[in-house]
Amino acid sequence: MHRLNPPQNRLQGTLPKIGVRPTIDGRRQGVRESLENQTMAMAKATAELISSRVFHACGLPVECVIADTCIGGLAEAAACAEKFEREGVGAVITVTPCWCYGSETMSMHTHLPTAVWGFNGTERPGAVYLAAVMAAHAQKGIPAFSIYGRDVQDAGDTAIPADVETKLLQFARSAITIATMREKSYVAMGNVSMGIAGSLVDHAFLQRYLGMRVMTVDMVEFVRRMERGIYDPQEYERAMTWVKTHCPEEEDYNPPDKQMSRAEKDRTWEISLKCALIARDLMVGNPRLAELGFEEEAQGFNGIAGGFQGQRQWTDHLPNGDFLEAILCSSFDWNGIRQPYIVATENDFLNGVCMLFGHLLTGSAQIFADVRTYWSPEAVKRVSGHTLSGDAAGGFLHLINSGPAALDGTGQQSENGKPAMKSWWSITAEEADACLKATTWHCGILEYFRGGGWSTRYRTKGGMPATIFRVNLIDGLGPALQIAEGFTIELPEQTHAILDERTNPTWPTTWFAPTTTGSGAFRDVYTVMANWGANHCVMSSGHIGHDLITLASMLRIPVYMHNVSEERVFRPHAWAAFGTAEMESADFRACSNYGPLYK
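My aim in this report is to walk through the structure given alongside it, one point at a time. (Residues numbered from 1 in each chain as written. Predicted model: local features only at pLDDT ≥ 70, side-chain atom pairs only at ≥ 80, totals over all residues. Heavy atoms only, no water.)

**Digging into the state of the cysteines**
Argument step 1. A full pass over the atoms with the stated rule returns 0 disulfides.
Argument step 2. Of the cysteine sulfurs around Cys64, a residue in no disulfide, the closest is that of Cys80, at 13 Å.
Argument step 3. The cysteine Cys98 is free of any disulfide, with Cys100 supplying the nearest cysteine sulfur at 4.1 Å. (Disulfide = S-S within 2.5 Å.)

The structure is reproduced here in structure tokens:
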């Protein structure tokens, strides 16, 4: 059984908070006095909603900080700003039921995601203030999200309407993601893998768009730490015992005359496990190393995400990184159920960034995969004799990579009666064990990985709502995000075997059917594949496309391909000024106008 580790912040720096700013009509002698209680009650209700429903990826609830007083003018706005800076606020929400003096009461911080909720009531003109302060934000070049309930409420109604609640939570999830990435590191373990463009870690992109640092670690550091014993030997022994119990070896698909000896296989297990420990320690540090005399190494590099180059110089001589990536990216290991680490295969930092987005938004593990093949209904029928139906009727994509996908991707967890990859703190011991039992481990195919290694084999359960996405860098344009929501699908056993083994029988497979719309890049499944911008994608459990769009707008990354319905899209209010008839084009113009968040 796997115990659940208590949530904790494993990175340097305090967890960011959300600041709530109650603004008010500053006129005394009757006006302000009549509004104090209602205005502060809005702030408290907003803070309570967020703190009870939004969580950091480490599992701790997001804290809210409320201004000490309602804000009626410049002096109180300055006092609030000082308090928020002192308290580590990373995003702000202004709330009001009434008219206020817009440019005097607004938040002026250009780097903090900002939203304003103007109460929809007829007794006082909260909606008028909302419109006025949105104009001020637009004029001053500080984009803000406008939140306004569809239905009129009575002045004494303290409830948060469902549509307002949805927008507050959508804003909060994305805003806390922005704040969490700031000043953290991407740890590039190695360099460029096989000429993959995503391995060309772009320091300027990470700095200007995400506010992140980069630490580059030569892969010889793994050799140094293994040979000099810079890892916890007690944890290594405990982990090896766990591996022998929970990571069963199955068929070796290499030709008999090419297979490794038992001694060679045992050595690859030892190296693979030590590399996993070392990669983790490089990212987040390990106080045990200081006890062993390695004070510098004990600190780590404050890595919120990282990548492992592997191919080819490493894998031509030493075991591949599949075990390292699969186990670190999962929500459980020999230490129990714990927060996944974000480690990109082949050091594809653009996929690593997307894994980070998905994880920070959901608290769940992410699948790193190739967008390997489009299977049309006709091709499936020709090859296997099976006629596709249901979500797969229009064909599907084969998501598969060389064994590094998180074991949560087996789909053995359940949420709302459907397969899922759950927020890690919601996973039960039984679900963690089921994921392990659904996974087998196979010696890497030696023609690919001359140094051996251990690849995972599993099949993702069908019926999981899921989202695939990818950031691409385009010369002259910059970063752009693409998103496809859909469902994992189940194929009959024989059909699955025929299709799966055409590629590589040692790798984990997810059959994914994007939801098509009949037009544009989502005309059919083929056009989704044809318009995908790279060989890799990230798959996150659930339909999170709307959160990704909100997040991207905060970062000023345009979205050039998505199938999220219009009513779920939530961007800053000023985006409408760049065009309302064609929202995708308007998004590009707005992002270009404002530029990177940290420019």
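Continuing now.
**A word on the sheet that holds strand β4 (residues 114-118)**
Argument step 1. The strand order across the open sheet built from 5 strands is β2-β1-β3-β4-β5, with neighbouring strands paired in parallel fashion. If you trace the sheet from one side to the other, it starts and ends with β2 (64-66) and β5 (145-147), each paired once. Here the average twist between neighbouring strands, direction ignored, is 20 degrees.
Argument step 2. Pairing analysis gives 5 bridges linking strand β3 (residues 89-96) to β4, with the strands arranged parallel. Bridged to Thr96 within β4 is Gly118.
Argument step 3. The strands that helix α4 (residues 126-140) touches are β3, β4 and β5; relative to β4, the one it contacts most, it runs at about 160 degrees. (Pairing = 2+ DSSP bridges. Helix = DSSP H or I, 4+ residues; strand = E, 2+ residues; numbered from the N terminus. Axes fitted to C-alpha atoms, helices over the stretch in contact; angles between N-to-C directions. Contact = heavy atoms within 4.5 Å.)

**Concerning the packing of aromatic side chains**
For any two aromatic rings, the description comes down to two numbers: the centre-to-centre distance and the angle of the planes.
Argument step 1. Scanning the entire structure with this criterion turns up 22 aromatic pairs.
Argument step 2. With a centroid separation of 4.6 Å and 10 degrees between ring planes, the pair formed by Trp269 and Trp454 is classed as stacked. Pair noted here: Trp269 is in helix α9 (residues 262-284) and Trp454 is in strand β17 (residues 454-457), with a separation of 185 residues, a long-range link.
Argument step 3. Classification of Trp269 as buried rests on a relative accessible area of 7%.
Argument step 4. With relative accessibility at 1%, the residue Trp454 sits in the buried group.
Argument step 5. The ring of Tyr341 is capped by Arg10, whose NZ or CZ atom sits 3.8 Å from the centre of that ring. (Phe/Tyr/Trp six-rings, centres within 6.5 Å; stacked < 30°, edge-to-face > 60°. Buried < 20%, exposed > 50% of the residue type's maximum accessible area, 1.4 Å probe, protein only. Lys NZ or Arg CZ within 6 Å of the ring centre and 35° of its normal.)

**Re the pattern of salt bridges**
Oppositely charged side chains are able to pair whenever their charged atoms sit close together.
Argument step 1. Using the criterion set out here, one finds 29 salt bridges in the structure.
Argument step 2. In this structure, the salt-bridge partner of Asp252 is Lys265, at a minimum N-O distance of 2.9 Å. Pair noted here: Asp252 is in the loop between α8 (233-246) and α9 and Lys265 is in helix α9, with a separation of 13 residues, a long-range link.
Argument step 3. Under the relative-accessibility criterion, Asp252 is labelled buried at 14%.
Argument step 4. For Lys265, a relative accessible area of 10% gives the class buried.
Argument step 5. Among the salt bridges present, the one from Arg312 reaches Asp316, with a minimum N-O distance of 2.7 Å.
Argument step 6. The exposure class of Arg312 is partly exposed, given its relative accessible area of 41%.
Argument step 7. Linked by salt bridges that have partners in common, Glu221, Arg224, Arg225 and Glu297 make up one network. (Salt bridge = Lys/Arg side-chain N within 4 Å of Asp/Glu carboxyl O.)

Scope: geometric values only; no functional claims are made or implied.
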